[in-house]
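Here's the letter readout for the chains.
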Amino acid sequence: MRRLLTCLLCLAAALTAAAQFRPSYRSLSDSETVTAFREQVGFLASAALEGRKAGSEGEQEAAAYVTDVLGAYGLDILSGADGDLFGLKQESGDTLTSRNVVACIPGYDKTLREHYIVIGARLDNLGSVRYSVDGESRERIYYGANGNASGLSMLLELSRMLSAGSVLLKRSVIVAAFGASLESGAGAWYFLNRSFGGGQAAIDAMIDLDMVGTGSGGFYAYTSSNPDLNRLLEQVNATLQPVKPELVSLEPVASDHRIFYDREIPSVLFTTGMYPEYNTERDTPSILEYDEMERELEYLYNFTLALANGPKPDFREDSAAARADNADVVSFYDCDVRPSFFRSRDPSSFLERWVYVYLRYPQSAVDEGVQGRVLVDFVIDEKGKVTDVKVAKGVDPRLDAEAVRVVSASPDWKPGVLRGKKVKTALSLYIEFRLEKKKKR
């Protein structure tokens, strides 16, 4: 019945796409890969899936579609026909049910095939909202073509290439479409902490694909300043490639790589960055640049081969290691109930509602044009008080001191809970100091 429903939805998506977007003569000369991109994004970002909100039928059908395509490409499906289900407790008291899709491509090397490279992409998007105009009910759908149907389609086609060339892989590759990613990375957290049977120590690195469909505006790689991954990127970039990502020190977008980074797993995010249609109903398949995506795909395939067959990258840039011997401190993402600031469990709320409201940019730094992002570690204790504020990655002593000051002055949080008990919770956040460009007269 579910397969029949999926087929009907595919047909509905095709009809909807035909009604909304006129085919171009250019599509007649598309390569097989570009044709696959168009078909996959056309379904995943169709009106029939209503924006793939976490826990919705649209997200469920997207997961079923990804499962079917990965199976057709010859991967071993690990998550079952209905995906790997997990529940997420909401502030309302209800439980949101989401799912991951997980598949595997076994490596050939006897010593390395029990070690894994995880390649992930966000499955969900914002969904849809209903509103009224002059008493008439209307629906606004956030199709999420670039965010993140593009990443999912890239994941599928990269899986096809890796599966076809599996004899070249020393390590095994885990492919994962993470559900409820917009809910603080819930799917990635569940994969690492509940469902992955190989143990986190067996994951040597993670590749995250999020918003990769607008390549003419740039193609970026973000590693959280991991030296080994930076060197690997430089090595691959030094070879003949159809496109080469720009290595950036500022995180282009928050995504599932953060969850792996928190677990001391070297991670790299590939993205084409922010775009005007981001998180709007205009994020439709028509804005994607499929030829650019095909060039990115070839690069990602070569990078994945280099990562899967090369030495294991070391993790050297995580401040949480400094507190590893403090057994009573729990990671923010490990709490059953995460700490909340003004009733929000999203750390960005703390930045928006406190840090950037009360941050004072040192005038001397302004005069000298000093800017950047300061990574700050802190602990929220059992009473909700912010303690142990430290700079993990500084920019300038003046900016570092101001970041520590404003975080240290934070009002009390609602503490995290683990197994029914309030716990000390560790959290790391980037605080950005950015100067506005002066307008030319």
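Along each chain, residue indices are assigned from 1 in the same order as the chain's sequence is written. This being a predicted model, a pLDDT of at least 70 is required before a residue's local features are given, and a value of 80 or more before pairs of side-chain atoms are given or counted; all residues contribute to the totals for chains, interfaces and linings. Here the side-chain values reflect all heavy atoms present in the structure, with hydrogen atoms and water set aside.

Engineer: Would you take a moment to explain helix 11 (residues 397-408) for this structure?
Structural biologist: Each full turn of the α-helix corresponds to 3.6 residues, which orients residues three or four apart in the same direction. Here a helix means four or more residues in a row that DSSP labels H or I, a strand means two or more in a row labelled E, and each is numbered from the N terminus. Expected helix span is given by 1.5 Å per residue-to-residue step, counting one fewer step than there are residues. Here helix 11 contains twelve residues, and its C-alpha end-to-end distance of 16 Å stays within 8% of the 16 Å for a straight helix at 1.5 Å per residue. Buried residues of helix 11: Leu399, Asp400, Glu402, Ala403, Val406 and Val407, and no others. The arc that holds every buried residue of helix 11, seen down its axis, measures 165 degrees, which confines them to one face. Contacts from the buried residues of helix 11 go to helix 9 (347-358), helix 10 (363-368), strand 13 (372-380), strand 14 (386-393) and strand 16 (421-433). Near the N-terminus of helix 11, the side chain that reaches the backbone nitrogen of arginine 398, with its oxygen 2.9 Å away, is that of aspartate 396. Residue burial is assigned from relative accessible area. The probe radius is 1.4 Å, only protein chains are included, and a residue is buried under 20% of its type maximum, exposed over 50%, and partly exposed in between. What the arc measures is the spread of directions leading from the helix axis to the C-beta atoms. Only heavy atoms matter for contacts: two residues are in contact if any of them lie within 4.5 Å across the pair. Polar contact is defined as a pair of N or O atoms within 3.5 Å, subject to the rule that within protein one atom must be able to donate a hydrogen and the other to accept it, and that residues adjacent in sequence are counted only when both atoms are side-chain atoms.

Engineer: Please explain the pairing of strand 8 (residues 203-209) as it appears in this structure.
Structural biologist: In summary, the side chains of a regular strand alternate between the two faces of the sheet. Most of strand 8 sits inside the fold, with seven of its seven residues counted as buried. For two strands to count as paired, DSSP must find a minimum of two bridges between them. Two strands pair when backbone bridges link them, and strand 4 (residues 116-122) and strand 8 are joined in this way by six bridges, in the parallel orientation. Bridge pairing in strand 8 places alanine 121 opposite leucine 209. When strand 8 meets strand 11 (residues 267-271), the two strands line up parallel, connected through four bridges. Within the sheet, the bridge partner assigned to isoleucine 207 lies in strand 11 and is valine 268.

Engineer: It is not clear to me how the pattern of salt bridges should be interpreted in this structure. Could you clarify?
Structural biologist: Pairs can form between side chains of opposite charge once their charged atoms are near each other. For this analysis, a salt bridge means a side-chain nitrogen from Lys or Arg found within 4 Å of a carboxyl oxygen belonging to Asp or Glu. Summed over all chains, the structure comprises 18 salt bridges. Salt-bridge contacts for lysine 424 lead to aspartate 328; the nearest nitrogen and oxygen are separated by 3.4 Å. Of this pair, lysine 424 sits in strand 16 while aspartate 328 sits in the loop between helix 8 (290-309) and strand 12 (329-331), and the two are 96 residues apart along the sequence. Aspartate 328 sits in the partly exposed class, given a relative accessible area of 39%. Among the salt bridges present, the one from glutamate 432 reaches arginine 434, with a minimum N-O distance of 2.5 Å. A network of salt bridges, in which partner residues are shared, links Arg171, Asp204 and Lys312.

Engineer: Where do I start with the confidence of the model for the chain in this structure?
Structural biologist: Low-confidence regions, as indicated by low pLDDT, have predicted coordinates that should not be scrutinised in detail. Confidence in the prediction of the chain, expressed as mean pLDDT, is 88, and 90% of residues score 70 or more. Every residue gets a pLDDT, meaning the predictor's confidence in that residue, from 0 to 100. Within the model, the stretch residues 8-25 combines pLDDT values under 50 with 13 contacts to residues more than four positions away or in other chains. Here residues 317-325 is modelled with pLDDT under 50, and outside its nearest four sequence neighbours on either side it reaches 20 contacts, counting other chains as well.

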